[in-house]
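Structure at a glance
Each chain is listed here by its residues.
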Amino acid sequence: MKQTKLIIAGGFLGAGKTTLIWEVAQRLMAKGLRVGLVTNDQAPELVDSQLLRQADLKVAEVAGSCFCCNFNGFIDAIKSLRSDIEADVILAEPVGSCADLTATIVRPLKQFHNTEVIVSPLTVLSDPIRLKSILYGGDGGLHEDAAYIYRKQLEESEVILITKTDLISEEELKKLVKDTKNCFHGTKVMTVSSHNGNGVNEWFEDVANRQGEGTKILDINYDTYAHGEAVLGWLNGTVALTGKHAFWDSLLKDIMKGLVQVIKDKKLNVGHIKVIAENGKKYAVANITGDVSTLQVRGSAGMSDNLKLIINARVETSPEQLDEIVKQVLVDAIGDKYQDEILAWRYLMPGRPNPTHRIV
């Protein structure tokens, strides 16, 4: 079997990774290419995986651990996509709080699996609002140790891809690109807006036609790294709802309004909160990637008697408090209007990173 091009799109929680790989996959498939996607999280029941599957994309999920700590699981996912669809291109999205990818993912791939995959330059996505704060000495609305992870992700990247460029002015973007290049010498800086499509083709053509060097090995403190992940509570939950001729978009809006209000009242830092409301092939997605101004809702779940709701929340609080917050918001939004059944529910604090390989 021929080699498969592997493109790893990293970056912190809420940077826009899933939206980008969805857009790229659609464009490649329109050209007749076979495309596979690999998603990753500390727990199963991912909004990202369901969103990508809604577009009839072939998705392999590595859940329960990051790529670096479950390298064999990552390889199994790659092999399944190569076998099942003979993928020409695989787009992989690591956990948003994951760093040290060159030593733990890129180099092991190049050393042990170079006959199977060609690894493209490591891309790290960064939204302009957090990037500006981090670049100019701030914390990006994160705990200082989570901000440490963010900076390390940028430091090891071969391509920094500034996302969501439609959110800032052209002048602001030009200055941000210039300052990013000055801060990270030798790193290619590109820009993209998955919303309007600007820069998507340019980024893909650049990384698809180059092989990653794998030379940027981080000097990283794993104690700080581990604490930066552990300051976030993680929650993944799936709930089945029933209601006669219910208009599900209204419920989704009520849930997001409730979450926004709690975040504001408790002054919580948010990695991301993602919710997908699925009514068969109809769906709506909502997400928050920072303060309340970042709330976005798109799509429509329409009207029916049944709905599946998947919630992924990464918030700077204890897992127990996050569990209480999300459950209370759901109770308030659902009330006595719908019947609900929890299909899956898990909240946790990530364990210390323990990579399968670390090649320096």
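Before reading further, recall that the structure is shown in the block above.
Presented here is a report on the structure given in the accompanying data block. Here the structure is a predicted model, which is why all the values come from computation and not from measurement.

**As for the nonpolar core**
If you look at the biggest cluster of nonpolar residues, it comprises 57 residues, and the most contacted ones within it are Leu 6, Val 38, Phe 74, Ile 105 and Leu 109. Ignoring anything within four residues of it in the chain, the contact list for Leu 109 reads Leu 6, Ile 8, Phe 71, Phe 74, Ile 75, Ile 78, Asn 114, Val 117 and Val 119. In terms of nonpolar packing, the next biggest core, distinct from the first, is built from 36 residues, Trp 248, Ile 255, Val 260 and Trp 345 among them.

**Observations regarding the state of the cysteines**
Note on terminology: disulfide describes a covalent bond linking the sulfur atoms of two cysteines. Under the definition given, this model contains 0 disulfides. Sulfur of Cys 69: no disulfide; nearest cysteine sulfur belongs to Cys 66 and is 3.3 Å away. Overall, Cys 69 belongs to the partly exposed group, its relative accessible area being 22%.

**A word on the packing of aromatic side chains**
Summed over all chains, the structure comprises 4 aromatic pairs. Ring centres of Phe 12 and Tyr 150 lie 5.7 Å apart, and the angle between their planes is 40°; on these two criteria the pair is classed as tilted. One end of the pair, Phe 12, is in the loop between strand 1 (4–11) and helix 1 (17–30); the other, Tyr 150, is in helix 6 (residues 144–156), with 138 residues separating them in the sequence. Accessibility classification places Phe 12 together with Tyr 150 in one group, the buried group. A centroid spacing of 5.1 Å and a plane angle of 35° characterise the contact between Trp 248 and Tyr 338, whose relative ring orientation is tilted. One end of the pair, Trp 248, is in helix 10 (residues 248–266); the other, Tyr 338, is in the loop between helix 11 (319–334) and strand 14 (339–348), with 90 residues separating them in the sequence. Side by side, Trp 248 and Tyr 338 carry an identical accessibility label, which is buried.

**A closer look at the side chain of Glu 23**
Structurally, Glu 23 is set in helix 1. Those residues within four positions of Glu 23 in sequence are excluded, and the remaining contacts are Ser 194 and Val 200.

**Details of the pattern of salt bridges**
If you walk through the whole model with that rule in mind, you get 19 salt bridges. Taken together, the shared-partner salt bridges in this structure form one network comprising Lys 2, Arg 34 and Asp 88.

**Observations regarding the packing of helix 5 (residues 128–135) against helix 7 (residues 170–183)**
The interhelical angle for the contact between helix 5 and helix 7, taken along N-to-C directions, is 50°, at an axis separation of 11 Å. As far as their axial angle goes, helix 7 and helix 5 are oblique. You can see that helix 5 and helix 7 cross each other, and the crossing is left-handed. Residues Pro 128, Leu 131, Lys 132 and Leu 135 of helix 5 form the contact with helix 7, whose participating residues are Glu 172, Leu 176, Asp 179, Thr 180 and Cys 183. Class assignment of the residues belonging to the contact of helix 5 with helix 7 gives a composition of 5 nonpolar, 1 polar and 3 charged.

**Remarks on the environment of Arg 314**
Within the secondary structure layout, Arg 314 lies in strand 13 (residues 303–315). Each C-alpha atom, one on Arg 314 and one on Ile 273, is 6.1 Å from the other, the two residues being 41 residues apart in sequence. Contact partners of Arg 314, with chain neighbours within four places excluded, come to Leu 13, Asp 41, Leu 46, Leu 232, Gly 233, Trp 234, Leu 235, Asn 236, Val 270, Gly 271 and His 272. Among the polar contacts listed, one links the side chain of Arg 314 to the backbone oxygen of Leu 235, at a separation of 3.0 Å.

**A few points about the pairing of strand 1**
Put simply, side chains in a regular strand alternate between the two faces of the sheet. Here strand 1 lies mainly inside the structure; 8 of its 8 residues are buried. Because side chains alternate across strand 1, one face comprises the buried residues Thr 4, Leu 6, Ile 8 and Gly 10, and the other comprises Lys 5, Ile 7, Ala 9 and Gly 11, equally buried. For strand 1 and strand 4 (residues 89–92), the ladder comprises 4 bridges, and the chain directions are parallel. By the bridge assignment for strand 4, Ile 7 is matched with Leu 91. Strand direction decides the pairing type here: strand 1 and strand 6 (residues 123–126), joined by 3 bridges, are parallel. Across the sheet, the residue bridging to Gly 11 is Leu 125, located in strand 6.

Calculation criteria
- Residues numbered from 1 in each chain as written.
- Predicted model: local features only at pLDDT ≥ 70, side-chain atom pairs only at ≥ 80, totals over all residues.
- Heavy atoms only, no water.
- Core = buried A, V, L, I, M, F, W, Y, C linked by side-chain atoms within 4.5 Å.
- Buried < 20%, exposed > 50% of the residue type's maximum accessible area, 1.4 Å probe, protein only.
- Contact = heavy atoms within 4.5 Å.
- Disulfide = S-S within 2.5 Å.
- Phe/Tyr/Trp six-rings, centres within 6.5 Å; stacked < 30°, edge-to-face > 60°.
- Helix = DSSP H or I, 4+ residues; strand = E, 2+ residues; numbered from the N terminus.
- Salt bridge = Lys/Arg side-chain N within 4 Å of Asp/Glu carboxyl O.
- Axes fitted to C-alpha atoms, helices over the stretch in contact; angles between N-to-C directions.
- Parallel < 35°, antiparallel > 145°, perpendicular 65-115°, else oblique.
- Left-handed = near helix turned anticlockwise from the far one by under 90°.
- Nonpolar A, V, L, I, M, F, W, Y, C, P; charged D, E, K, R; others polar.
- Polar contact = N/O pair within 3.5 Å; in protein donor to acceptor, adjacent residues only side chain to side chain.
- Pairing = 2+ DSSP bridges.

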